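What follows is each chain in one-letter form.
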Amino acid sequence: MDLFYRSTRNNQIKVKASEAILKGLADDGGLFVPDTIPTLDKSLRELAQMNYQETAYEVMKLFLTDFTEEELKNCINKAYDSKFDTKAIAPLKYADGAYFLELFHGATIAFKDMALSILPHLLTTSAKKNQVTDEIVILTATSGDTGKAALAGFADVEGTKIIVFYPKDGVSPIQEKQMVTQKGANTWVVGIRGNFDDAQTGVKKMFNNKELAEVMKRAGYQFSSANSINIGRLVPQIVYYVYAYTRLLGEGKIADGQKINAVVPTGNFGNILAAYYAKLMGVPFNKLICASNDNKVLYDFFQTGSYDRNREFILTSSPSMDILISSNLERLIYRIAGNDSEKTADLMKALSAKGSYTITEEMKQALAEFKGGYATEDKTAAVIKKIYEQDGYIIDTHTAVAASVYEEYKKNSKDDTVTVIASTASPYKFTRSVMNAIDEKYASMSDFELVDELERLSGVKVPQAIEDIRTAPVLHDRVCDKSEMQKTVEEILGL
Ligand SMILES: *Cc1c(COP(=O)(O)O)cnc(C)c1O
């Protein structure tokens with residue numbers, strides 16, 4: 001039987017999985033959510049015998065019910081292949097009393113690869129299923145990480161082109177180098193003279209430009225987005241929570257049915273929502289601990305039941321979590337509102353009108369399994385140093401936010417449940433902050449000297465993604481004014 005997806009803001013809007021993937025966002029601005037969260041139809045013991053790709057199939061088949069077995073397996077096998085530097089795909093490492101689930105073994109060494117390596121295949125398969133013959137043009141504005149992961153995912157995927165805009169002077173040198181060295185005949189990277197907001201506004205304008213859509217259609221193109229609210233990004237993320245649990249079970253670290261905690265460094269609320277969905281599917285999770293950096297909107301929300309974005313935006317050493325509007329939280333709100341789309345729409349209206357909303361006491365009670373925490377910059381740095389000195393294991397700044405929150409949680413709650421911490425980036429991606437946390441003496445070294453020093457300290461080989469940018473030639477040098485973004489797209493597509 002097919003599982004349908006509805007908009008969080010209007011229950012009347014109902015589509016199949018492939019249509020939800022193609023559309024990304026519902027027409028009313030709501031997010032697509034499945035009518036019910038399916039439960040696993042294999043036992044956790046059986047799943048413990050399966051590898052990553054097989055586990056992915058068992059999870060994703062329950063959500064993407066209009067994909068055939070062949071289609072889905074084809075997508076999975078194209079995504080989780082030798083682009084990952086370990087056969088385990090998402091290995092667990094034990095340190096400081098917890099299991100770190102390393103989600104950074106893909107092409108761009110951050111957890112975005114877990115979903116963006118499969119999304120292009122889900123998208124092109126969805127297009128075929130829905131008789132879309134146009135070539136799909138992915139437009140993305142990026143402040144650094146998502147752009148590179150999307151480029152790597154879509155590079156040379158037949159039937160797609162990808163154009164990424166980034167603020168010319170607004171990303172780190174390593175991030176820029178990662179993007180402008182991107183290979184693939186269907187990739188374009190454009191620096192704009194403007195900031196990230198300008199880039200995002202420009203992209204949104206093109207998405208909403210009806211005339212441009214007409215011209216595109218005539219030339220055989222249509223736009224799509226690789227945004228993190230697409231269920232084609234959310235569903236693949238559920239897989240590694242099922243996988244983490246079944247690895248622990250298979251290795252005898254936990255017994256059948258034994259509950260575990262998960263700690264997730266959170267920004268847009270996509271990763272932790274995937275953990276919640278895994279729990280609803282039947283994986284015995286106890287607490288889901290949501291870790292924030294100094295931008296602690298979510299911590300305050302779990303404390304008080306009020307979400308309030310009216311606050312200063314703080315730049316931290318965990319930039320991928322510097323977010324004041326966590327888009328995917330809307331899916332949780334919808335669920336705790338009893339799948340009430342009217343109520344959800346009202347709260348989201350309040351969020352866009354005044355930047356805040358408050359949930360009811362009843363809704364708040366439905367959040368009992370979530371626990372919020374946050375880590376300051378000092379605490380984040382301190383935990384990197386501590387775990388390195390104690391275990392010789394080096395974690396990145398985002399993962400460190402989670403490790404610090406867990407340390408505090410354990411101290412206060414005395415909860416000694418087996419715990420998995422989502423490790424969302426390789427320390428090589430944030431080398432400077434990581435090395436500075438370990439010792440101030442590193443402040444005077446260059447970026448690549450630090451990379452070599454990190455290799456020496458950690459004993460973990462420098463990943464290919466970093467080796468590549470040492471020597472790779474620059475393949476993209478296009479720069480345009482923020483007012484010329486559409487003209488640039490028209491030139492690229494020959495419109
Ligand atoms: C995107 C990102 C996060 C936040 O994940 P969400 O799904 O947005 O909550 C955390 N860490 C890293 C390294 C990321 O790239």
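Everything numeric here is computed off the predicted structure, so don't read it as measured data.

A. Highlighting the overall build of the protein. Looking only at helices and strands, the protein has 22 helices and 16 strands in total. Relative to the compact-globule value of 23 Å for 495 residues, the protein shows a C-alpha radius of gyration of 22 Å, a close match. For the protein, the spread of C-alpha atoms along the three principal axes comes to 60 × 55 × 45 Å. A separation threshold of at least 6 residues defines the contact pool for the protein, and within that pool the share at least 24 residues apart is 73%. Working note: accessible area of the protein is about 20,400 Å², and carbon and sulfur atoms make up 47% of it.

B. Summary view of the site of the ligand. Among the 14 residues in the neighbourhood of the ligand, the closest are listed as Lys112, Gly267, Asn268, Asn271 and Thr424. In the environment of the ligand, an oxygen atom lies 3.0 Å from a nitrogen or oxygen atom belonging to the backbone of Phe269. The separation between an oxygen atom of the ligand and a polar main-chain atom of Gly270 is 3.2 Å. When isolated, the ligand has an accessible area of 380 Å², and the protein chains bury 96% of it.

C. Spotlight on the pattern of salt bridges. The final tally for this structure, using the stated rule, is 30 salt bridges. Among the salt bridges present, the one from Lys349 reaches Asp346, with a minimum N-O distance of 3.9 Å. Within this pair, Lys349 and its partner Asp346 are both found in helix 15 (residues 341-354), separated by three residues, close to a single helical turn. Using a relative accessible area of 47% as the deciding quantity, one classes Asp346 as partly exposed. Through salt bridges with shared partners, a single ionic network connects Asp41, Lys42, Glu58 and Lys61.

D. Layout of the packing of aromatic side chains. For the structure shown, the criterion picks out 18 aromatic pairs. Three or more aromatic residues joined by ring pairs form one cluster here, namely Phe269, Tyr276, Tyr277, Phe301, Phe302, Tyr307, Tyr357 and Phe370. Taking the ring centre of Phe4 as reference, the NZ or CZ of Lys14 above it sits at 4.4 Å. The ring of Phe67 carries the charged tip of Lys129 above its face, separated from the ring centre by 5.6 Å.

E. Main features of the nonpolar core. Residues Tyr5, Met60, Phe63, Leu64, Phe269, Ile333 and Tyr357 are the most contacted members of the largest nonpolar core, which totals 111 residues. If sequence neighbours within four positions are ignored, Tyr357 has contacts with Phe301, Gly305, Ser306, Tyr307, Leu329, Ile333, Leu347, Met348, Ala350 and Leu351. The next biggest cluster of nonpolar side chains, apart from the first, holds 37 residues, and it includes Ala291, Ala375, Ala402 and Val434.

F. Expanded view of the sheet that holds strand 7 (residues 160-167). Pairing is parallel in the open sheet, where five strands are placed in the order 9-6-7-8-16. At either margin of the open sheet sits one strand with a lone partner, and together these are strand 9 (221-224) and strand 16 (478-481). On average, each strand axis in the sheet is inclined to that of its neighbour by 30 degrees, with strand direction left out of account. In the sheet, strand 6 (residues 135-141) pairs with strand 7 via six bridges, with the strands oriented parallel. Residue Ile138 lies in a different strand from strand 7, and its bridge partner there is Ile162. Sitting on the sheet, helix 9 (residues 196-207) touches strand 6, strand 7, strand 8 (187-193) and strand 9, and the angle it makes with strand 6 is about 150 degrees.

G. Up close: the packing of helix 8 (residues 173-180) against helix 21 (residues 464-471). Following both chains from N to C, one finds helix 8 and helix 21 inclined at 85 degrees, their axes separated by 9 Å at the closest point. Compared by their axis directions, helix 8 and helix 21 come out roughly perpendicular. Contacts between helix 8 and helix 21 involve Ile174, Lys177 and Gln178 from the first element and Ala465, Ile469 and Arg470 from the second. Here the residues of the contact of helix 8 with helix 21 sort into three nonpolar, one polar and two charged.

H. Examining the pairing of strand 10 (residues 260-265) more closely. The element strand 10 is largely enclosed, with a buried count of six among its six residues. The pairing of strand 10 with strand 11 (residues 285-292) spans five bridges and is parallel. Bridging across to strand 11, Ile260 finds its partner in Phe285. Tracing the backbone out of strand 10, into helix 12 (residues 270-280) and back to the parallel element strand 11 gives a crossover that is right-handed.

I. Focus on the side chain of Thr417. Inspection of the secondary structure assignment puts Thr417 in the loop between helix 18 (397-413) and strand 15 (419-423). Given a relative accessible area of 18%, Thr417 falls into the buried group. Among the polar contacts listed, one links the side chain of Thr417 to the side chain of Asp415, at a separation of 2.5 Å. The residues touching Thr417, leaving out its near neighbours within four places in the chain, are Lys259, Ile260, Asn261, Asn286 and Tyr406.

J. Spatial organisation of helix 15. Here helix 15 spans 20 Å end to end across 14 residues, near enough to the 20 Å set by a 1.5 Å rise per residue. Burial in helix 15 covers these residues: Ser341, Thr344, Ala345, Leu347, Met348, Ala350 and Leu351. Where helix 15 is buried, its residues contact strand 1 (4-7), strand 2 (10-16), strand 12 (306-308), helix 14 (329-336), strand 13 (356-358) and helix 16 (361-365). The backbone nitrogen of Glu342 lies 3.0 Å from a side-chain oxygen of the residue at the head of helix 15, namely Asp340. The first or second residue beyond helix 15 is Gly355, which carries a positive phi of 80 degrees.

Rules of the game
- Residues numbered from 1 in each chain as written.
- Predicted model: local features only at pLDDT ≥ 70, side-chain atom pairs only at ≥ 80, totals over all residues.
- Heavy atoms only, no water.
- Helix = DSSP H or I, 4+ residues; strand = E, 2+ residues; numbered from the N terminus.
- Rg over C-alpha atoms; globule rule 2.2 N^0.38 Å.
- Contact = heavy atoms within 4.5 Å.
- Areas by Shrake-Rupley, 256 points an atom, 1.4 Å probe, with all protein chains shown as cover.
- Near = heavy atom within 4 Å.
- Polar contact = N/O pair within 3.5 Å; in protein donor to acceptor, adjacent residues only side chain to side chain.
- Salt bridge = Lys/Arg side-chain N within 4 Å of Asp/Glu carboxyl O.
- Buried < 20%, exposed > 50% of the residue type's maximum accessible area, 1.4 Å probe, protein only.
- Phe/Tyr/Trp six-rings, centres within 6.5 Å; stacked < 30°, edge-to-face > 60°.
- Lys NZ or Arg CZ within 6 Å of the ring centre and 35° of its normal.
- Core = buried A, V, L, I, M, F, W, Y, C linked by side-chain atoms within 4.5 Å.
- Pairing = 2+ DSSP bridges.
- Axes fitted to C-alpha atoms, helices over the stretch in contact; angles between N-to-C directions.
- Parallel < 35°, antiparallel > 145°, perpendicular 65-115°, else oblique.
- Nonpolar A, V, L, I, M, F, W, Y, C, P; charged D, E, K, R; others polar.
- Right-handed = clockwise from strand over helix to strand, strands pointing away.
- Expected span 1.5 Å × (residues − 1).

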